[in-house]
Amino acid sequence: MIDFSSELNFLKPEVQIDYNKVHGLKKTSYDELLACFEKRYRIKKEQIEFFNGFSSAIYSILKFLKLKHCFIYSPCSLEYKKAATNLEYEVRLINRFENLFLPIKEQSVVIFANPSYLDGTYYDLDNLFEYWASKDATVIIDETLLDFCGEEAAIKKLKEQKKLFIIKDFSKYFSNENLKIATIFSSEKNSENLRKFEPEDKLSSFDIIYLEEALKEYEFKLISNSINIKNRTDLEKIFHSCKYVDFLFHSSSNSLLIKLKNISSKEFRTKLEEKDIKISNCLKYDFIDESFINIYVNSKDNVAKLKEVINAF
């Protein structure tokens, strides 16, 4: 079964670690990891806070903010809705496919993934930042998928946006589902205040060393992005010519969202499974129905196999 359902980067960094040696090595500070982040993302170490995984970062920031209303531009990672609901926020979803400028309440939390989940769309957020500022909103931008593309990060906004927090999960891009390190970037003041509520020793030495080595491998970024873009373009060509495809969303990440016609997503997935190809069921996401499928970038050989199957439909 060829798997096109994995959110993880199908390419992996060349990280060589002797975990038998790591077992006896206790990381007592994050200095080296912070230095890697400063170099890679061009941000001061005082503006970085680490978390033991993506979910931990989401719960921590929402608990820290202690606000009442939360607006999530969806489809988005369902972790945000779950956390906000559990923390007794009044949650409202905004369908970003239809209208980005629906009204929000004063002094609310807004959550926006850029590039977005499923469709991988990268948004120019300048006008939205102006609107959010007019509402005195606290803004959480999820840039987990930004490493897959060369688009501009929201880090430049931190100087002017005093209520901006940028969250990143590294398990997807660095292709390690067990990598439990996420970050939040913000102003030095915000980061200092957030850090007061966080334990100092919260990251595994194994995870720290893995991410340090992955961030140092600069060639991985060049190779990964180049190949992912090429293979994603090949996937787009395949589905553009498929008789069951209505349209494709323009993606800047490692995923495609496809709207179907004359067939349901269940029927389409079944046809592929009969040919030993697996794609994910994205129906759990908000504002997604049976007319949508999503697919993740894979190797050149696997894309060629998918092309054979799709052309035979």
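One structure accompanies this document, and this report is about it. Note that the coordinates shown come from a computational prediction; the quantities given were computed from them, not determined experimentally.

## A look at the overall build of the protein
Then comes step 1: Counting its regular elements, the protein contains ten helices and twelve strands.
Then comes step 2: Against the globule reference of 20 Å for 313 residues, the protein gives a C-alpha radius of gyration of 20 Å, in line with a compact fold.
Then comes step 3: Seen through its C-alpha atoms, the protein measures out along the principal axes to roughly 60 × 55 × 30 Å.
Then comes step 4: Looking at the protein as a whole, 56% of its 313 residues qualify as buried.

## Observations regarding empty space enclosed by the protein
Then comes step 1: Applying the stated criterion across every chain yields a total of one cavity of 30 Å³ or more.
Then comes step 2: Its boundaries defined by the atoms lining it, the largest cavity holds a volume of some 60 Å³.
Then comes step 3: If you trace the largest cavity, you find it lined by E7, Y117, L118, L145, K172, N254, S255, Y285 and Y296.

## A look at helix α5 (residues 126-134)
Then comes step 1: Considered for burial, the residues of α5 that qualify are L128, F129, Y131 and W132. Taken around the axis of α5, the buried residues stretch over an arc of 165°, which confines them to a single face. The outward face of α5, more than 90 degrees from its buried face, is lined by the exposed residues N127 and E130.
Then comes step 2: Buried positions along α5 lie against β3 (69-74), β5 (109-113), β6 (138-142) and β7 (164-169).
Then comes step 3: Where α5 ends, the next residue or the one after it, D136, has phi of about 55°, a positive value.

## Observations regarding the nonpolar core
Then comes step 1: By size, the foremost hydrophobic cluster in this structure holds 49 residues, and its most contacted members are F37 and W132.
Then comes step 2: Of all the secondary structure elements, the ones that give two or more residues to this core are α2 (31-41), β2 (48-51), β3, β5, α5, β6, β7 and α7 (205-216).
Then comes step 3: Tallying contributions element by element places α7 first for this core, with six residues.
Then comes step 4: Ignoring anything within four residues of it in the chain, the contact list for W132 reads Y73, I104, V110, F112, A137, V139 and I141.
Then comes step 5: Judged by nonpolar contacts, the second largest core, of 25 residues, contains I72, A84, A113 and A182.

## A closer look at the side chain of R40
Then comes step 1: On the secondary structure map, R40 appears in helix α2.
Then comes step 2: One buried charged residue, R40, forms no salt bridge at all, with the nearest opposite charge on D147 at 4.1 Å.
Then comes step 3: Once residues within four sequence positions are removed from consideration, R40 is found in contact with D147, Y173, F174, L215 and K221.

## As for the packing of helix α3 (residues 54-65) against helix α4 (residues 78-86)
Packed helix pairs are characterised by how far apart their axes lie and by the angle those axes make with each other.
Then comes step 1: Between α3 and α4, the shortest axis-to-axis distance is 10 Å and the interhelical angle comes to 40°. Judged by the inter-axis angle, α3 sits oblique to α4. Crossing angle aside, the handedness with which α3 passes α4 is right-handed. Across from F54, S55, I58, Y59 and L62 in α3, the residues of α4 making contact are E79, Y80, K82, A83, A84 and N86.
Then comes step 2: For the contact of α3 with α4, a count of residues per class yields seven nonpolar, two polar and two charged.

## Some points on the packing of aromatic side chains
To describe a pair of aromatic rings, one takes the distance between the centres and the angle between the planes.
Then comes step 1: Across all of its chains, the model carries 27 aromatic pairs by this definition.
Then comes step 2: Between Y30 and F50, the ring centres sit 5.5 Å apart and the planes meet at 85°, which makes this aromatic pair edge-to-face. Of this pair, Y30 sits in the loop between α1 (19-22) and α2 while F50 sits in strand β2, and the two are 20 residues apart along the sequence.
Then comes step 3: The buried category is assigned to Y30, whose relative accessible area is 15%.

## Notes on the sheet that holds strand β10 (residues 255-260)
Then comes step 1: A sheet is described by the order of its strands in space; here three strands give the open sequence β9-β10-β12, paired in antiparallel fashion. Edge positions in the sheet fall to β9 (245-248) and β12 (292-296), since each of these pairs with one other strand and no more. Strand after strand, the sheet turns through a mean of 30° between neighbouring axes, direction not considered.
Then comes step 2: Pairing of β9 with β10 involves three bridges; the strand directions are antiparallel. In the strand pairing of β10, L248 is matched with I258.

## Considerations on a nonpolar patch on the surface
Then comes step 1: There is a patch of nonpolar side chains on the surface, built from Y218, L222, I223 and I227 and spanning about 370 Å² of accessible area.
Then comes step 2: Take L222: it is sitting in helix α8 (residues 218-240).

## Overview of the sheet that holds strand β4 (residues 90-95)
Then comes step 1: Taken together, seven strands build an open sheet; the order of strands is β2-β8-β7-β6-β5-β3-β4 and the sheet is mixed. On the outer flanks of this sheet lie β2 and β4, each paired with one strand and no other. In this sheet, adjacent strand axes meet at a mean angle of 20° when their direction is disregarded.
Then comes step 2: When β3 meets β4, the two strands line up parallel, connected through six bridges.

## A closer look at the packing of α3 against helix α6 (residues 188-195)
Then comes step 1: One way to put it is that α3 packs onto α6 with a least axis distance of 11 Å and a crossing angle of 100°. Comparing their axes, α6 and α3 come out roughly perpendicular. Contacts between α3 and α6 involve S60, I61 and F64 from the first element and N190, N193 and L194 from the second.
Then comes step 2: When its residues are assigned to classes, the contact of α3 with α6 shows three nonpolar, three polar and no charged.

The rules behind the values
- Residues numbered from 1 in each chain as written.
- Predicted model: local features only at pLDDT ≥ 70, side-chain atom pairs only at ≥ 80, totals over all residues.
- Heavy atoms only, no water.
- Helix = DSSP H or I, 4+ residues; strand = E, 2+ residues; numbered from the N terminus.
- Rg over C-alpha atoms; globule rule 2.2 N^0.38 Å.
- Buried < 20%, exposed > 50% of the residue type's maximum accessible area, 1.4 Å probe, protein only.
- 1 Å grid on protein atoms, 1.4 Å probe; cavity = no way out; pocket = protein on both sides within 12 Å on 5 of 7 lines; lining within 4 Å.
- Points joined across faces, edges and corners; volume = space filled by probe spheres on them.
- Arc of directions from axis to C-beta.
- Contact = heavy atoms within 4.5 Å.
- Core = buried A, V, L, I, M, F, W, Y, C linked by side-chain atoms within 4.5 Å.
- Lys, Arg positive; Asp, Glu negative; His and termini not counted.
- Salt bridge = Lys/Arg side-chain N within 4 Å of Asp/Glu carboxyl O.
- Axes fitted to C-alpha atoms, helices over the stretch in contact; angles between N-to-C directions.
- Parallel < 35°, antiparallel > 145°, perpendicular 65-115°, else oblique.
- Left-handed = near helix turned anticlockwise from the far one by under 90°.
- Nonpolar A, V, L, I, M, F, W, Y, C, P; charged D, E, K, R; others polar.
- Phe/Tyr/Trp six-rings, centres within 6.5 Å; stacked < 30°, edge-to-face > 60°.
- Pairing = 2+ DSSP bridges.
- Patch = residues over 30% accessible without salt bridge, like charges linked within 9 Å, V, L, I, M, F, W, Y side chains within 5 Å.
- Areas by Shrake-Rupley, 256 points an atom, 1.4 Å probe, with all protein chains shown as cover.

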